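Residue-level structure breakdown
Each chain, letter by letter, is given below.
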Amino acid sequence: MSKKECLAMLLAGGQGSRLGALTRKIAKPAVSFGGKYRIIDFSLSNCVNSGIDTVGVLTQYRPLMLNSYIGTGAPWDLDEAAGGVYVLPPYATQDGAEWYNGTADAVYKNLDFIESYDPEYVLIISGDHLYKMDYNLMLDFHKQSGAELTVSVIEVPPAEASRFGIITAAADGKIEKFTEKPARPDSNLASMGIYIFNWQVLKQALLADAQIAASEHDFGKNVIPMLLNEGKRLYAYAFSGYWKDVGTIESYYQTSMDLLREDSEFDIFSGGQRIFSNSNIYPPHYVGEKAVVENSVVCNGCTVLGEVRNSIISSEAYVGAGAKVENAILLPGAHVESGARVMRAIVGEGAVIEMNAYFGSLDEAEPVQVCGDGEHIKDDLWSRGY
Amino acid sequence: MSGRVLGLISCNYNNDAFGSLTSERGMAALPFGGRYRVLDFPLSNMVNSGIRTIGLITPYHYRAIMDHVGAGKEWSLNRKSGGMFILPGSIYGLKNMRSTFLLRDIIQNRAFLERGDEEYVIVSGSHKVYNMDLRPLIAAHRASGCDVTLLYKQTADAENHRETYLSLDGDRVKGFAAEAQGSAACFMDCFITSRELLLKFIEWYKALGYLDLMDIMAENLPNLNVGAYPFAGYLGRLNNIRDYMACSQDLLREEVRREVFSAEHKVCTKVQDNPPAKYGASPNVHNALVPTGCLIDGTVENSILFRGVHVGEGAVVKNCVIMQKTVVEPGAVLENVICDKYVTVSRGNKLFGTAAKPLVIPKGSEI
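Residues numbered from 1 in each chain as written. Chains lettered and ligands numbered in written order. Predicted model: local features only at pLDDT ≥ 70, side-chain atom pairs only at ≥ 80, totals over all residues. Heavy atoms only, no water.

1. With respect to the overall build of chain B
Operational definition: Where helices and strands are cited, they refer to DSSP runs of H or I of at least four residues and of E of at least two residues respectively, numbered from the N terminus. Each residue is assigned to one of three classes by its accessible area relative to the maximum for its type, calculated with a 1.4 Å probe on protein chains only: buried under 20%, partly exposed between the two thresholds, exposed over 50%. Pairs of residues are marked as contacts when any of their non-hydrogen atoms sit within 4.5 Å. The method behind every accessible area is Shrake-Rupley, applied with a 1.4 Å probe, and residues are considered shielded solely by the protein chains displayed. The charge count treats Lys and Arg as positive and Asp and Glu as negative. His and the chain ends do not count. Throughout, a charge is located at the NZ atom of Lys, the CZ atom of Arg, the CG atom of Asp or the CD atom of Glu.
Along the backbone of chain B there are nine helices and 26 strands. Looking at chain B as a whole, 61% of its 367 residues qualify as buried. Sequence-distant contacts in chain B: of pairs separated by 6 or more residues, those separated by 24 or more amount to 59%. Split by element, the accessible area of chain B, about 13,800 Å² in all, is 49% carbon and sulfur. Taken as two groups, the 40 positive and 38 negative side-chain charges of chain B have centres that lie 4 Å from each other.

This is the structure:
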């Protein structure tokens, strides 16, 4: 196969267990976001918008939705004759079958795939982050600094730093220290889980890591500290802009609501890089005679007959007459029947809030309620708060 | 079953009644229904009925059509066997302005018909809006043994629409008329025949290429067995600007929307990957169709918006069709207006048409 300058490996096998009902049947990268997207659209679109036309997608947990969603890659223009998108699940060999045991192991098990393109550089990214980024700028930095590994970093509030891989770097970006989830962080530069490796360095590192029985085969915990100890040239590339790893229901909800804020840094509505998605072709949404739609995002295929405020209404969702949806997220195909109320809640794909039922609460002290995909919430006195 | 049927859609049709709306695009490429072009309807009908080899006879101004259909990806027509074939149409001049099936266009693309091994051909125009499973038509044609079967709809107000009407004797066609009164059988610019017979027509009439296939059929009516097949669903006829406005408004009715945008037989169209529509703090939107890419801060009533339309704060859009990427700036007022693409109506301007005579704003205008 033809040689590629830079190839991307996209980690999409994680469950995202803290997303609860949202990932009961689908992997985190396949979770719907922003009305018409799935989370993986952002990293796939970043690749394409950065001119990377060969992407290996590593899947493991509940891959059905991801497989069918990615398909041939055509929605992202990744149906390339020389390259394109490859879904790479774990596989069996003569020595038996094994799952991917850690992020580094997943890439290690696909060294053959990378080898077939013999790239100069390998970009490693996560399929469950929400951001817009031009990886070319990072690659330029990688080349100019003469790094063997570049880690993209972002400033995080000091209070949150202990949730991330924290990096201490010299003024020119050379990494001096890397600590995964430190108890007492001495810097607020967090690794975004985006790496550019020189291919040969990556290959040697993964071959070595695979031999270490005690290793968890994780890039952050094992591979990067190992390379740092070996005295390899590791650099930090400072990214500024919106970047979110939506780990929990609460952060998924907040990140979604950020889309509605006038001053939001995360702007998917105007110009710049387009986010592509594999959306079905639905007709425009219909807004009824008596409907009210305020400060909201509404997708194609929806019907809104009731009131919608500060909410995200995904493709093919339905809001019946007299229904009220406030500060809520309706995922694709969710139905809020007439007279029902949804407040500060997430209604799963194809879920139904039945006629006159109440779901959620406007009380900010309450956790955001989630109704799982396909579930029904019935009208009863309890749901109305009696 | 439908693997044995070839599709042929004539987009080489224009209608001077549409003024600037069709001056640089054929009727087939006329935007309709918020995100579609009229051609999407016959094309999707064929694809949804299992037809996978479709020829498109393009108009002389084929840029808009080609931009829209590309290689037929959205209709699953980018295929190894069969797929979409672009067939160049001729320049029709004024005389044949409203001719739908120019023989000349078919003669010119004879190879498309000759190469296939399909038994039947469905020939369709591209300026009527309906969503129909064509398989029952194919089955009825096969069962009847007719040479040709024409698709029609019994319509109530024939005097208001200039169309081809069929005089029927049971399910057999006895004649054609350009005008009719009251309830009449309106020809839907769609028929099925055998590939062999269509090739024979070409052979017999090749010296008379300026004829319309329908003229040939009328001339041979005594010698041909021409059947008719009724369609009971919604038919949108686009013969002039008033019709266009009326059909667009029909989409605001739930029963029409449910049928035309059927979940079972989806109308396919070019995908643009716009972000979802975004509504500002206090817009007033009632009885409207709004697609992706729109930013709505003002009032929209009884209107159809297209992708990427902006309606500014305090702007009013009533009984309008506003095409792609048009910007209605704050405070502007539009009533009974059809805005073509990329129009800017600047601050405070007021534009009024009437229901009977909507005002048309040409593409790219700045007002």
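2. Regarding the sheet that holds strand 17 (residues 292-294) of chain A
All names here are of chain A. Definition in use: Two strands make a pair as long as DSSP finds a minimum of two bridges between them. A fitted line through C-alpha atoms serves as each axis, taken over the contacting stretch for helices, and the angle formed by two N-to-C directions is quoted from 0 to 180°.
Strand order in the open sheet made by the five strands is 17-20-23-26-29, with parallel pairing throughout. Each end of this open sheet is capped by a strand with a single partner; those strands are strand 17 and strand 29 (358-360). Going from strand to strand, the sheet's axes swing by 5 degrees on average, the running direction of each strand aside. Judged from the three bridges that link them, strand 23 (residues 324-326) and strand 26 (residues 341-343) form a sheet pairing that is parallel. Bridging from a neighbouring strand, Glu326 pairs with Met343 of strand 26.

3. Let's talk about the state of the cysteines
All names here are of chain B. To keep things clear, this is the line we draw: Only a pair of cysteine sulfur atoms within 2.5 Å qualifies as a disulfide here.
Per the stated rule, a full pass over the model turns up zero disulfides over all chains. With no disulfide of its own, Cys11 lies 13 Å from the sulfur of Cys190, the closest cysteine sulfur. Sulfur of Cys320: no disulfide; nearest cysteine sulfur belongs to Cys339 and is 7.0 Å away. Overall, the relative accessible area of 0% leaves Cys320 in the buried class.

4. A few points about the sheet that holds strand 30 (residues 369-371) of chain A
Pairing is mixed across the open sheet formed by ten strands, whose spatial order is 30(A)-27(A)-24(A)-21(A)-18(A)-14(B)-16(B)-18(B)-21(B)-24(B). Every other strand in the sheet has two partners, leaving strand 30 of chain A together with strand 24 (344-345) of chain B as the edge strands with one partner each. Pairing of strand 18 (residues 310-311) of chain B with strand 21 (residues 327-328) of chain B, which is carried by two bridges, proceeds in the parallel orientation. Within strand 21 of chain B, the position partnered with B:His310 by the bridge is B:Val327.

5. Side note on the pattern of salt bridges
Rules: Salt bridge, as used here: a side-chain nitrogen of Lys or Arg that lies within 4 Å of a carboxyl oxygen of Asp or Glu.
Throughout the structure, instances matching the rule amount to 35 salt bridges over all chains. Between A:Asp53 and A:Lys4 there is a salt bridge whose closest N-O contact spans 3.2 Å. Here A:Asp53 is found in the loop between helix 1 (40-49) and strand 4 (54-58), whereas its partner A:Lys4 is found in the segment before strand 1 (6-11), with 49 residues between them in sequence. We classify A:Asp53 as partly exposed; its relative accessible area is 22%. In this structure, B:Asp171 engages B:Arg172 in a salt bridge whose closest nitrogen and oxygen atoms are separated by 3.1 Å. On the basis of relative accessible area, B:Asp171 is assigned to the partly exposed category, the value being 46%. In this structure B:Arg172 comes out as partly exposed when scored by relative accessible area, which is 23%. A network of salt bridges, in which partner residues are shared, links B:Arg110, B:Glu114, B:Glu203 and B:Lys206.

6. Quick notes on empty space enclosed by the protein
To be explicit about the condition: Only protein atoms enter the 1 Å grid, on which a cavity is a set of points fitting a 1.4 Å probe that cannot get out and a pocket is an open set with protein on both sides within 12 Å along at least 5 of 7 lines, lining residues being those with an atom within 4 Å of a point. Grid points are joined across faces, edges and corners, and a volume is the space filled by probe spheres set on the points. Classes in brief: Ala, Val, Leu, Ile, Met, Phe, Trp, Tyr, Cys and Pro nonpolar; Asp, Glu, Lys and Arg charged; the others, Gly included, polar.
In this structure the tally under the stated criterion is four cavities of 30 Å³ or more. By volume, the largest cavity amounts to about 100 Å³. Around the largest cavity, the lining is made up of 13 residues, and of these A:Lys36, A:Ser279, A:Asn300, B:Arg35 and B:Thr292 lie nearest the centre. Partitioning the lining of the largest cavity into residue classes produces two nonpolar, seven polar and four charged.

7. Let's talk about the packing of aromatic side chains
Condition: When the centres of two rings from Phe, Tyr and Trp lie within 6.5 Å, Trp using its six-membered ring, the rings pair. Their planes under 30 degrees apart give stacked, over 60 give edge-to-face, and anything left gives tilted.
Going through the model one piece at a time under the given rule, you end up with 25 aromatic pairs over all chains. On the numbers, 4.5 Å between centres and 10 degrees between planes, the contact of A:Tyr242 with A:Phe266 is stacked. Taken together, the residues span a long stretch of sequence, with A:Tyr242 in the loop between strand 14 (234-238) and strand 15 (243-245) and A:Phe266 in the loop between helix 8 (249-258) and strand 16 (285-287) at a distance of 24 residues. Exposure remark for A:Tyr242: the relative accessible area of 11% places this residue in the buried category. Summarising the aromatic geometry, the rings of B:Tyr130 and B:Phe231 are spaced 5.6 Å apart at their centres and angled 55 degrees between planes, so their arrangement reads as tilted. Separated by 101 residues along the polypeptide, B:Tyr130 in the loop between strand 7 (128-129) and helix 5 (135-144) and B:Phe231 in the loop between strand 12 (226-230) and strand 13 (236-237) bring together distant segments of the chain.

8. Concerning unusual backbone geometry
Residue and element names in this part refer to chain A. The phi dihedral of Arg62 is positive, around 40 degrees, even though this residue is not glycine. By the secondary structure assignment, Arg62 is in the loop between strand 4 and helix 2 (64-70). The phi angle at Arg344 is positive, at roughly 45 degrees, despite the residue not being glycine.

9. A closer look at the side chain of B:Thr58
All names here are of chain B. Mapped onto the elements of the fold, Thr58 is located in strand 4 (residues 53-58). Judged by its relative accessible area of 3%, Thr58 is buried. Residues in contact with Thr58, not counting those within four places in the same chain, are Cys11, Asn12, Ile86, Leu87, Pro88 and Gly89.

10. With respect to the nonpolar core
Let me state the cut-off plainly: Here, the term nonpolar core denotes a set of buried Ala, Val, Leu, Ile, Met, Phe, Trp, Tyr and Cys residues that are joined through side-chain atoms within 4.5 Å.
One finds A:Val55 and A:Tyr252 to be the most contacted residues of the largest nonpolar core, which totals 68 residues. No other element matches the five residues that helix 1 of chain A contributes to this core. In this structure, A:Val304, A:Ala340, A:Ile353 and B:Ala332 belong to the second largest nonpolar core, which totals 51 residues.

11. Re the confidence of the model for chain B
Where we set the bar: A residue's pLDDT is the confidence the predictor assigns to it, expressed on a 0 to 100 scale.
When pLDDT is averaged across chain B, the result is 89; 97% of the residues are at 70 or more. The ipTM value of the predicted complex is 0.87, and its pTM value is 0.88.

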